[in-house]
Amino acid sequence: MFKRLRVAAAGFSVLAATAMPAFSQGTLRIGMTAADIPQTTGQPDQGFEGFRFAGYTIYDALVNWDLSKADTIADIRPGLALSWAPVEGEPTKWVFKLREGVKFHDGSDFDSAAVIWNLDKVLNDKSSQFDRKQMAQARARIPTLVGYKAIDKYTVELTTRVVNSLFPYDMSYIFYSSPAQWEKLGKDWNKVALQPSGTGPFKVDRVVPRERLELSRNADYWDKTRVPKLDKILLFPMPEAATRTAALLAGQVDWIEVPAPDAIPRLRQGGMNIVTNKYPHNWAYQPSMVEGSPWTDIRVRKAANLAIDRAGLNKLLGGLMIEAKGAVYPGHPWFGSPSFDIKYDPATAKKLLAEAGYSATKKPKIKIAISTSGSGQMLPLPMNEYVQENLNAVGFDAEFEVMEWNSLISFSFQPATGPDAKAKGVNGINISRATVDPYSAFMRLYHSSFVSPAGANWGILKDPKIDEMINKAHTTFDRAAQTKALADVHTYIVDQAYWVYIAHDLNPRAMSPKVKGFVQAQSWFQDLTPIEMAK
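Residues numbered from 1 in each chain as written. Predicted model: local features only at pLDDT ≥ 70, side-chain atom pairs only at ≥ 80, totals over all residues. Heavy atoms only, no water.

All right, on to the overall build of the protein chain then. Across its full length, the protein chain carries 18 helices and 22 strands. For a compact globule of 535 residues, the expected C-alpha radius of gyration is about 24 Å, and the protein chain comes in at 23 Å, within 12% of that figure. A total of 535 residues make up the protein chain; the buried ones form 61% of that total. Pairs at least 24 apart in sequence give 71% of the contacts found in the protein chain among residues at least 6 apart. When the accessible surface of the protein chain is summed, it comes to about 20,200 Å², and 52% of that surface belongs to carbon and sulfur atoms. (Helix = DSSP H or I, 4+ residues; strand = E, 2+ residues; numbered from the N terminus. Rg over C-alpha atoms; globule rule 2.2 N^0.38 Å. Buried < 20%, exposed > 50% of the residue type's maximum accessible area, 1.4 Å probe, protein only. Contact = heavy atoms within 4.5 Å. Areas by Shrake-Rupley, 256 points an atom, 1.4 Å probe, with all protein chains shown as cover.)

So, about the sheet that holds strand S5 (residues 90–98). Ordered in space as S4-S5-S7-S6, the 4 strands form an open sheet in which the pairing is antiparallel. Every other strand in the sheet has two partners, leaving strand S4 (81–87) and strand S6 (145–152) as the edge strands with one partner each. The average angle at which neighbouring strand axes cross in this sheet is 20°, direction not considered. Of the strand pairs in this sheet, S6 and strand S7 (residues 155–160) are connected by 6 bridges, and their pairing is antiparallel. Following the sheet pairing, lysine 149 is matched in S7 by glutamate 157. Across the face of the sheet, helix H3 (residues 112–123) comes into contact with S5, S6 and S7 while running at roughly 160° to S6. (Pairing = 2+ DSSP bridges. Axes fitted to C-alpha atoms, helices over the stretch in contact; angles between N-to-C directions.)

Time to look at the sheet that holds strand S8 (residues 202–208). Each strand in a sheet pairs with another by means of backbone hydrogen bonds, the pair being arranged parallel or else antiparallel. On the basis of which strands lie adjacent, the open sheet formed by 7 strands has the order S8-S9-S10-S1-S11-S20-S12 and mixed pairing. The open sheet is flanked by S8 and strand S12 (273–275), the only strands paired with a single partner. Averaged over all pairs of adjacent strands, the angle between strand axes in this sheet comes to 20°, irrespective of strand direction. The sheet contact formed by strand S11 (residues 255–257) and strand S20 (residues 509–511) spans 3 bridges and is antiparallel.

Taken as a whole and assessed by the stated rule, the structure comprises 35 aromatic pairs. For the ring pair tryptophan 283 and tyrosine 285, a centre distance of 6.2 Å and an interplane angle of 45° mean the geometry is tilted. The rings of Phe48, Phe51, Tyr56, Tyr59, Trp65, Tyr169, Tyr173, Phe175, Tyr279, Trp524 and Phe525 are connected pair by pair, giving a single aromatic cluster. (Phe/Tyr/Trp six-rings, centres within 6.5 Å; stacked < 30°, edge-to-face > 60°.)

So, about the packing of helix H17 (residues 464–474) against helix H18 (residues 479–495). The geometry of H17 relative to H18 is characterised by a closest axis approach of 8 Å and an angle of 160° between their N-to-C directions. Taken together, the axes of H17 and H18 are roughly antiparallel relative to one another. The hand of the H17/H18 crossing is left-handed. Together, Lys465, Ile466, Met469, Ile470 and Ala473 of H17 and Gln482, Ala485, Leu486, Asp488, Val489, Tyr492 and Ile493 of H18 make up the contact between the two elements. Here the contact of H17 with H18 is composed, by residue class, of 9 nonpolar, 1 polar and 2 charged. (Parallel < 35°, antiparallel > 145°, perpendicular 65-115°, else oblique. Left-handed = near helix turned anticlockwise from the far one by under 90°. Nonpolar A, V, L, I, M, F, W, Y, C, P; charged D, E, K, R; others polar.)

Written out as structure tokens, the structure reads:
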């Protein structure tokens, strides 16, 4: 079935790719894994690939990411806010000092009024600018934000529902679009999507849904160290790895995300550069923990973790993954010291299933919702086929519900007890998760207060001990104590085998030798401003 899906999609995309014209020097053409252009109004969809190409290019957050280094995990830095700090004696209140002199692409001013207007567009459904599409992408990123007000033209006060020492990370995911542009275009977000105006290093020239997004250099960008060297960036949706590879080799694009492992020797032979780096990525199965699910038994969860031959999977991927031993990789500051060693041990996996009451005539039935492609999904069809064989070999009855990437994201907004999951018989999902910050890595995925759609605890995991441990990390302002608390959280979730941890991506991309100046950060996001195209 999967092979037929791949061939059919590839045939469609090749026709689109062959229609691409050539462009002059100074233009970078990128083949994305997304099946459509990410949302351009301010809060991108299409996962973090949307943030990478239609978020931090067109827009800025109050808190940006330092993507200038390849040898360390990316961390936050000042963006549209120069500084931030909790109010002394009132740790649920944060004061953000804004950067003065910043202009939107339409020439209007960025100030505290623009901040409040943009927060209203995603949080206040009584505001005229409220946009449900943007709200759907933003709300779960700022779950503790409950209040906001302007103190003066360049100062805002943001209030959290509970003490959240890691709140600045949350604000790195909220982008600011021009209120003046929205007014100019008749207060119509559909029109804004075609002519958006942010403060970022690139401006939008043209949007053609499902075909291309054209960006151009913002010569007046406020951060003079990051004014783009490129004239233009052209982004093309290409969900099929074979299509992306063919387009790069044919000179129709200069850069592709996630090349197929079996195509890498051919790409190298064609003179292309393969760029990789570890980054905070987790490719796993998130199980349903509701009554009646086989996943509620720790022996079943451990058996699944021990059933998977990750070394074989890595070979299938041409060495482009790290074998998972948890949500973060060994050596990460949050890894801790789990006692459950995730490895390939099919004999123990079979023993655990037998202890749990399963046999050849009574197998644990699992059905995982997966995608055909998508941001951070690596190569989901062949990878899931491989994992399915491993699981079934030790006594599982594993099958899949296959859907397009954005459909899978929408599916995950309902919890495991939602009507879609019930109708399809799904008791697990395969969505790559970003462990870029503590909230993204742990709270929104494992805390009982963050069941979908409030967060991403799709499986409705409820464990008071883990809630307490996560709360400790989020109420600790000392950085060393935070790291220790987060390592304790990770140790516990691995020992409980709460997910089936499979792989960490090495973030591969292939590019023409003409692409110069790119530094691959240890992040889901990348800085495209230093790039040049050699003549």
